[in-house]
Amino acid sequence: MRELYWEEFQKKCCWDETIDSLVRQAWARKAAQSYGQYLFNMRSPKRNKHGFKPTHISLEVWNSWQLKWNTDEYKLKSEQNKKNKRNGVADGVAKPTHNAGSASHLKIASDLAIFLMAAYTKKTGRAGS
């Protein structure tokens, strides 16, 4: 099925042959993210309030997904993934991971120069010039 979607993508988009493998990797990553979000929306009570089976999915497939989603192993893995995404917090407010705000490229260059100078001084025992 994945090959079918890849072939359809190739019909609609063009790129240089030299980057074919990079495009394929990027497409595969994006397709996996999209499919994961698609499944999440179907099993999420907030997005699928009544738990209705989408009309384009067969009853056999829907029931197999329901069985999988209701296993203890799946629920434990899902809970661990949720904690990992939220910096160790499953419910409530997650701790921020970026709290320094934005920085200009000049600020970053200045900070990097100071860091490298300190590392050089520590390694050699003398100040750089």
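Read on for an overview of the structure. (Residues numbered from 1 in each chain as written. Predicted model: local features only at pLDDT ≥ 70, side-chain atom pairs only at ≥ 80, totals over all residues. Heavy atoms only, no water.)

### Regarding the overall build of the protein
Line of reasoning, step 1. The number of helices and strands found in the protein is 5 helices and 0 strands.
Line of reasoning, step 2. In terms of overall size, the protein is more extended than a compact globule, its C-alpha atoms giving a radius of gyration of 24 Å where 129 residues would be expected to give roughly 14 Å.
Line of reasoning, step 3. The principal-axis extents of the C-alpha atoms in the protein amount to approximately 75 × 45 × 25 Å.
Line of reasoning, step 4. Once local pairs closer than 6 in sequence are excluded, the contacts in the protein between residues at least 24 apart make up 12%.
Line of reasoning, step 5. Carbon and sulfur atoms provide 58% of the accessible area of the protein, an area that totals close to 11,400 Å².
Line of reasoning, step 6. Charge centroids of the protein, computed over 23 positive and 12 negative side chains, lie 11 Å from each other. (Helix = DSSP H or I, 4+ residues; strand = E, 2+ residues; numbered from the N terminus. Rg over C-alpha atoms; globule rule 2.2 N^0.38 Å. Contact = heavy atoms within 4.5 Å. Areas by Shrake-Rupley, 256 points an atom, 1.4 Å probe, with all protein chains shown as cover. Lys, Arg positive; Asp, Glu negative; His and termini not counted. Charge placed at Lys NZ, Arg CZ, Asp CG, Glu CD.)

### Regarding the nonpolar core
Line of reasoning, step 1. The biggest cluster of nonpolar side chains holds 6 residues, and these are Leu 39, Met 42, Ile 57, Trp 62, Trp 65 and Trp 69.
Line of reasoning, step 2. Where this core is concerned, the elements lending two or more residues are α2 (20-43) and α3 (59-69).
Line of reasoning, step 3. Examining the composition of this core, we find that 3 residues originate from one element, α3, more than from any other.
Line of reasoning, step 4. If sequence neighbours within four positions are ignored, Ile 57 has contacts with Tyr 38, Met 42, Trp 62 and Trp 65. (Core = buried A, V, L, I, M, F, W, Y, C linked by side-chain atoms within 4.5 Å. Buried < 20%, exposed > 50% of the residue type's maximum accessible area, 1.4 Å probe, protein only.)

### Looking at the packing of α2 against α3
Line of reasoning, step 1. Packing of α2 against α3 leaves a shortest axis separation of 12 Å and a crossing angle of 85°. For the element pair α2 / α3, the angle class is roughly perpendicular. Of the residues in α3, those in contact with Tyr 35, Leu 39, Met 42 and Arg 43 of α2 are Trp 62, Trp 65 and Trp 69.
Line of reasoning, step 2. Its residues assigned to classes, the contact of α2 with α3 comprises 6 nonpolar, no polar and 1 charged. (Axes fitted to C-alpha atoms, helices over the stretch in contact; angles between N-to-C directions. Parallel < 35°, antiparallel > 145°, perpendicular 65-115°, else oblique. Nonpolar A, V, L, I, M, F, W, Y, C, P; charged D, E, K, R; others polar.)

### Considering α3
Line of reasoning, step 1. Of all the positions in α3, only Trp 62, Trp 65 and Trp 69 are classed as buried. Here the buried residues of α3 occupy an arc of 65° about the axis, which is enough to place them on one side. Structural note: α3 exposes Leu 59, Glu 60 and Leu 67 on the side pointing more than 90 degrees away from its buried face.
Line of reasoning, step 2. Looking at the buried side of α3, the elements it contacts are α2 and α4 (72-85). (Arc of directions from axis to C-beta.)

### Examining the packing of helix α1 (residues 2-12) against α2
Line of reasoning, step 1. Following both chains from N to C, one finds α1 and α2 inclined at 120°, their axes separated by 12 Å at the closest point. When the axes of α1 and α2 are compared, the pair comes out oblique. In the packing of α1 onto α2, the handedness of the crossing is right-handed. Taking contact as the criterion, the partners of Arg 2, Glu 3, Tyr 5, Trp 6 and Phe 9 in α1 are, on α2, Asp 20, Val 23, Arg 24 and Trp 27. (Left-handed = near helix turned anticlockwise from the far one by under 90°.)

### Focus: the pattern of salt bridges
Line of reasoning, step 1. Evaluated as defined, the whole model comprises 3 salt bridges.
Line of reasoning, step 2. In this structure, the salt-bridge partner of Glu 3 is Arg 24, at a minimum N-O distance of 2.5 Å. Linking Glu 3 in helix α1 with Arg 24 in helix α2, this pair joins segments that are 21 residues apart in sequence.
Line of reasoning, step 3. With a shortest N-O distance of 3.0 Å, Lys 11 and Glu 8 are connected by a salt bridge. Of this pair, Lys 11 and Glu 8 both sit in helix α1, 3 residues apart, which is roughly one turn of the helix.
Line of reasoning, step 4. Residue Glu 8 is classed as partly exposed on the basis of its relative accessible area of 33%. (Salt bridge = Lys/Arg side-chain N within 4 Å of Asp/Glu carboxyl O.)

### Overview of a nonpolar patch on the surface
Line of reasoning, step 1. Nonpolar side chains collect at one region of the surface, where Met 1, Leu 4 and Tyr 5 lie side by side and expose about 370 Å² of accessible area between them.
Line of reasoning, step 2. Structurally, Leu 4 is set in helix α1.
Line of reasoning, step 3. With relative accessibility at 44%, the residue Leu 4 sits in the partly exposed group. (Patch = residues over 30% accessible without salt bridge, like charges linked within 9 Å, V, L, I, M, F, W, Y side chains within 5 Å.)

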